[in-house]
Each structure stands twice: as C-alpha cells, then as structure tokens.
Amino acid sequence: MEPIVTRFPPSPTGFLHIGGARTALFNWLYARKTHGKFVLRIEDTDEARSTKESVDAILESLVWLGIDFDDGPYFQTQRYDIYNEYIEKLVQSGHAYYCSCTPDEVNEMREAAKAAGKKPMYNGKCRELGLNKADNTVVRLKTPDTGVTVVEDIVKGDTAFQNNEVDDFIIQRSDGSAMYNLAVVIDDMTMGINTIIRGDDHLINTPKQMMIYQALGADMPAFAHVPMVLGSDKSRLSKRHGAMSVSEYKHMGYLPDAMLNYLVRLGWSHGDQEFFERQELIEKFDLEHLGRSASMFDMDKLTALNAKHIQAKAPKEIGEHLLFHLKETGVDTENDDYLAEVITTLQPRSKTLKEMAEGAQFYFTDTIEYDEKAAKKFLKPEAADMLEMTLDLIEALDEFSHDQLETAFKTVMDKTGLGFGKIAQPLRVAVTGTTVSPGMFEMLLALGRDKTEGRIRKAIEFIRS
Ligand code: GLU
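Thresholds, definitions, all that
Residues numbered from 1 in each chain as written. Predicted model: local features only at pLDDT ≥ 70, side-chain atom pairs only at ≥ 80, totals over all residues. Heavy atoms only, no water. Helix = DSSP H or I, 4+ residues; strand = E, 2+ residues; numbered from the N terminus. Rg over C-alpha atoms; globule rule 2.2 N^0.38 Å. Buried < 20%, exposed > 50% of the residue type's maximum accessible area, 1.4 Å probe, protein only. Contact = heavy atoms within 4.5 Å. Areas by Shrake-Rupley, 256 points an atom, 1.4 Å probe, with all protein chains shown as cover. Lys, Arg positive; Asp, Glu negative; His and termini not counted. Charge placed at Lys NZ, Arg CZ, Asp CG, Glu CD. Pairing = 2+ DSSP bridges. Axes fitted to C-alpha atoms, helices over the stretch in contact; angles between N-to-C directions. Phe/Tyr/Trp six-rings, centres within 6.5 Å; stacked < 30°, edge-to-face > 60°. Near = heavy atom within 4 Å. Polar contact = N/O pair within 3.5 Å; in protein donor to acceptor, adjacent residues only side chain to side chain. Nonpolar A, V, L, I, M, F, W, Y, C, P; charged D, E, K, R; others polar. Salt bridge = Lys/Arg side-chain N within 4 Å of Asp/Glu carboxyl O.

Colleague: Tell me what's going on with the overall build of the protein, and back it up with residues and numbers.
Modeller: The secondary structure content of the protein amounts to 20 helices and twelve strands. In terms of overall dimensions, the protein is more spread out than a globule: its C-alpha atoms have a radius of gyration of 32 Å, far above the 23 Å expected for 465 residues. Taking all 465 residues of the protein together, the buried fraction comes to 48%. Relative to all contacts within the protein whose residues are 6 or more apart in sequence, the contacts with residues 24 or more apart total 75%. As displayed, the protein offers around 22,400 Å² of accessible surface, 50% of which is attributable to carbon and sulfur atoms. Considering the protein, the positive charge centre built from 54 side chains and the negative charge centre built from 73 side chains are found 4 Å apart.

Have a look at this one:
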C-alpha cells in the first residue's frame, strides 16, 4: 500500500484556533501512526485578509503543540502558475471552457432558475460556444448534468449530491486567478495527498472538488469530514465559550501534551480511555473511531486533564515549559536540579503551569514578604520560642533529611505539647510568607538547609522586633 499523505491547510487570517488545531492533530496523528507524511500548506489566496503575522502565529502554535510537518510550508500565492497550467489543460481536454457572460447576465439566469423552482445557477450558455480567452472571460468547469456524486466519507458514510444541482462553476476568474476549489484540488493532487481529514463545514465543497479530480482523471483521495467543535451551549465554538487561540492556552499554563490529549478526545475515542500520552496517541489513533456527532468544548475537563499530565510528567520535562511562566513572573532561572525539586513539590497541587509558577515564587526570592493576615495570625510573640526551638534542632541535625526533620518536629511537639499543625503553620508563614504551600518536609528539603534556617531566623527577628 502507498504511504498515507495527509495535510493541514490553514488560511492565515488569524491565530491557530482550537478547531484548526484539532484538524491538524488528526492529520498529523494519522500520518505518524502510519509512518506516512504530513504536509503543511498555507492557503493565503485571500491576500487582503492573509498576513505574515498569522502565518508566524500558526507556525509557532504548531511548534508549541509539537505537531511537525514533513513537507512545506507551501504557499498558495506562490503556486498560481501551477494552477493556471492545469486550468489550461482542462480547457484543452474539453473539461472546461471560457465564458463571457457578465455578472448581470448570470444573475438573471439565477433568478430565472429560482422562479422555475430550481436552485439558483448558471445555465451553461457558453458551454458549447468554444470561446477563446479574452479580458472579460472566466473559466468554468463542465460539470455532469445527470447522476449523482457520492462522497464516500470515512466518518459520515455516503452522502449523495445531485449533479444537476451543481452548475458549471468558475475555476478561474477573469483576472486570471484560480478559484479556491481548483487550487485546493491541484495542491492536494500535486502534493500527493491521499487522505483528507477536515471539518464538515467543507463537505459542501467536496462534490465540486471531486468533479475536478474526475475531469483531471486523477485518483480520488479518501475523505473524512469531522463534526465541528461546539461550545457548552451546543452553538458553534466561539470566544464566549473560552479562549479560541492555541497560544492563549500556552499563556494560561496548559501543557502541549494535555492540549493534544484534550483535542483528540473532541471527536475521537478509544474505549472510555481519557488520558493519553503523546506516543500512545500515535499508536492508538485511527480513523474508524472518529465520532459522528459534534463534541462540546469543556474548559473544566481540559483543566482536569492538564493537572493529570502535570502529575504524570518527569520534573525536567515540566521544567522546559515552566521556565516560560516563571519568566512571566520575573523569575529567571534554569531547568536545573533545584527547579526539578521545586517542581516535584508542586506537581500534586498545580492544575496549570501558571498556578505552579505562582506557587513557586517563594522558592526563588531572597526576602520573604509575609502575607499580612498570615503574619498577624501566626507570627505572634508566643510563636517565637517555638520557632527558636525548631531552628536549634534543625541546626543540630547532622543530615538535612526527611527522617531527621521528622524527628526534630516530634521533639518540638513533645516539648511544647503542641500538635503538628500548630507548629507547621507559623513555620510555613516563616518560610513561604503564606499559609498555603506544598507538604512541609518535601518543601523544606527542596528549599535546602541554608534557606530554611535563614528564613526561620528572619521570622524570629520579625516577631521580636
Ligand atoms: N483553508 C481551509 C480552512 O482553513 C481548509 C481547506 C481544506 O481543508 O480543504 O478552513
């Protein structure tokens, strides 16, 4: 069997949005799973709305998601000559023709068709006239008058379109530029694309595209049209359901792997499994289990999955992504062993990397600023003696280890008669400035002996001053 070749053809009129990312992902996964090829093509023929910023933003988001391509990016605006070459061929072979009808004439034909209870359409006036190319001529495809064009879709099954409802549509404008459907087919054909997975909003174009393939005598690709992603209220996903742009999710602290995991589940399933690692997705993905009904975007589910991915990953891998968020909060550090320790303490309690970066602040400051309420409640005169006792015991440890710290705490509890919480809270405020933090021992161990002792000393001074 020939290798699978898929593609992602975004129009660069904005950022990479959730729906686009999901389409890219399905195509990428299928190519990776089958050891095929994944092609990136920028559909920038709408030159008024296409921008370089959008191209860059889309590429950047794909890189962040880890969706790499084997071929491209191709730009449709650099391929006009290729389209025209094929349009010429279609005219030569009698599958297309020049038409000189004015827009007004075409409008009248459409009105007349409507009046006769038919679909508004061009009536084929120039079809057999054998006109030559002129300034005002467009090129139209001779479409079949009878029969049906059946889209054999992997997801939707067969959909039949009546050929007499498709008019001889334009494939080249009078200014010589190729129309969208023609460009897409020539691209897919010349790029060797044999599997097209896209949103079902494009299904309407498919019969026309199939007619172009047929006119060219080219092999038909396989089609898989996936249902749209909807918002929680079942209307088409939009800004009011949450962020639309993939890069916003990066900024909000989502892991690319969590994003992939969530996106793939918006339209594909593997039993009732929810959590997938990247490699596992590549192994398990298939077209048979693409769903037929639309899925709803659910931020809470995405966040829950993100938390799971944060917990499942090695600290060093989290670190690669956390650095960005730390930098946003003004912490400039490296993905070193200290950061790995810090991450280990925060993994069980961070739903996003943004949250993790915020929770990590105290590990990186030289001076702890006490939260006013917390200091008032816990850094009270009676806490000073207890903190002093704790400090003495910690200083006397011959090893700064979990076991020895635990023993020191037990000693303080025995001597003061206080419970663990009563000791832990002032200590927590001393060390972090707040009352919420990772577990006491793991936190102190990550922070290290010097910082722990220094911070307790400072808190005692603070209380006594
Ligand atoms: N450029 C189209 C889009 O951005 C995709 C066309 C296709 O997949 O055939 O929606």
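Colleague: Let's hear about the sheet that holds strand E5 (residues 138-141): which residues, and what values?
Modeller: Ordered by their spatial adjacency, three strands build an open sheet running E4-E5-E8, and the pairing between neighbours is antiparallel. Both edges of this open sheet fall to strand E4 (96-99) and strand E8 (170-172), since each of them pairs with a single strand only. When the angles between neighbouring strand axes are averaged without regard to direction, this sheet yields 45°. Alignment of E5 against E8, held across two bridges, turns out to be antiparallel. Residue pairing across strands places Arg 140 opposite Ile 170, the latter belonging to E8.

Colleague: So what's going on with the packing of aromatic side chains? Residues and values would help.
Modeller: Tallied over the full model, the rule gives 14 aromatic pairs. Centre to centre, the rings of Trp 268 and Phe 276 are 5.5 Å apart; their planes meet at 55°, and the pair counts as tilted. Between Trp 268 and Phe 285 the ring centres are 5.4 Å apart and the planes differ by 40°, which places this aromatic pair in the tilted class. A residue pair is termed long-range when its members are at least 10 positions apart, and Trp 268 in the loop between helix H8 (256-265) and helix H9 (278-284) and Phe 285 in the loop between H9 and strand E12 (295-296) qualify at 17 residues. Here the two residues Trp 268 and Phe 285 agree in accessibility, since each one is buried.

Colleague: Lay out the site of the ligand in plain terms, naming residues and giving numbers.
Modeller: Around the ligand, the neighbouring residues are Arg 7, Pro 9, Pro 10, Ser 11, Glu 43, Tyr 180, Arg 198 and His 202. Measuring from an oxygen atom of the ligand, one finds a side-chain N or O atom of Arg 7 at 2.7 Å. Taken by itself the ligand offers 300 Å² of open surface, and the protein chains cover 80% of this. The residue inventory of the shell around the ligand, partitioned by class, reads three nonpolar, two polar and three charged.

Colleague: Summarise the environment of Val 151; cite the residues concerned and give the values.
Modeller: Mapping Val 151 onto the fold places it in strand E6 (residues 148-153). Exposure remark for Val 151: the relative accessible area of 0% places this residue in the buried category. Between the C-alpha atoms of Val 151 and Phe 223, which are 72 residues apart in sequence, the distance is 7.8 Å. In this structure Val 151 touches Gly 157, Asp 158, Thr 159, Phe 161, Leu 203, Thr 206, Pro 207 and Met 210, once residues within four positions along its chain are discounted.

Colleague: Lay out the environment of Ala 224 in plain terms, naming residues and giving numbers.
Modeller: Residue placement: Ala 224 occurs in strand E10 (residues 222-226). With a relative accessible area of 0%, Ala 224 lands in the buried category. In this structure, the C-alpha to C-alpha distance between Ala 224 and Ile 204, residues 20 residues apart in sequence, is 13 Å.

Colleague: Requested: an account of unusual backbone geometry, with residues and values cited.
Modeller: For the bond running from Gly 72 to Pro 73, omega is 5°, close enough to zero to count as cis. By secondary structure assignment, the location of Pro 73 is in strand E3 (residues 71-75). Even without glycine at this site, His 35 takes up a positive phi of about 55°. Structurally, His 35 can be placed in the loop between helix H1 (18-33) and strand E2 (37-42).

Colleague: Give me the lowdown on the pattern of salt bridges, citing residues and values where you can.
Modeller: Counted according to the given criterion, the structure contains 28 salt bridges. In this structure, Arg 464 and Glu 388 form a salt bridge, with 3.1 Å as the shortest nitrogen-oxygen distance. Here Arg 464, found in helix H20 (residues 449-464), pairs with Glu 388, found in helix H16 (residues 381-396); they are 76 residues apart in sequence, far enough to count as distant. Note on Arg 464: relative accessible area 45%, which makes it partly exposed. Judged by relative accessible area, Glu 388 falls into the partly exposed class, the value being 30%. As a salt-bridge pair, Arg 449 and Glu 453 come within 3.1 Å of each other at their nearest N and O atoms. Of the two residues, Arg 449 and Glu 453 both sit in helix H20, four residues apart, roughly one turn of that helix. Classification of Arg 449 as partly exposed rests on a relative accessible area of 23%.

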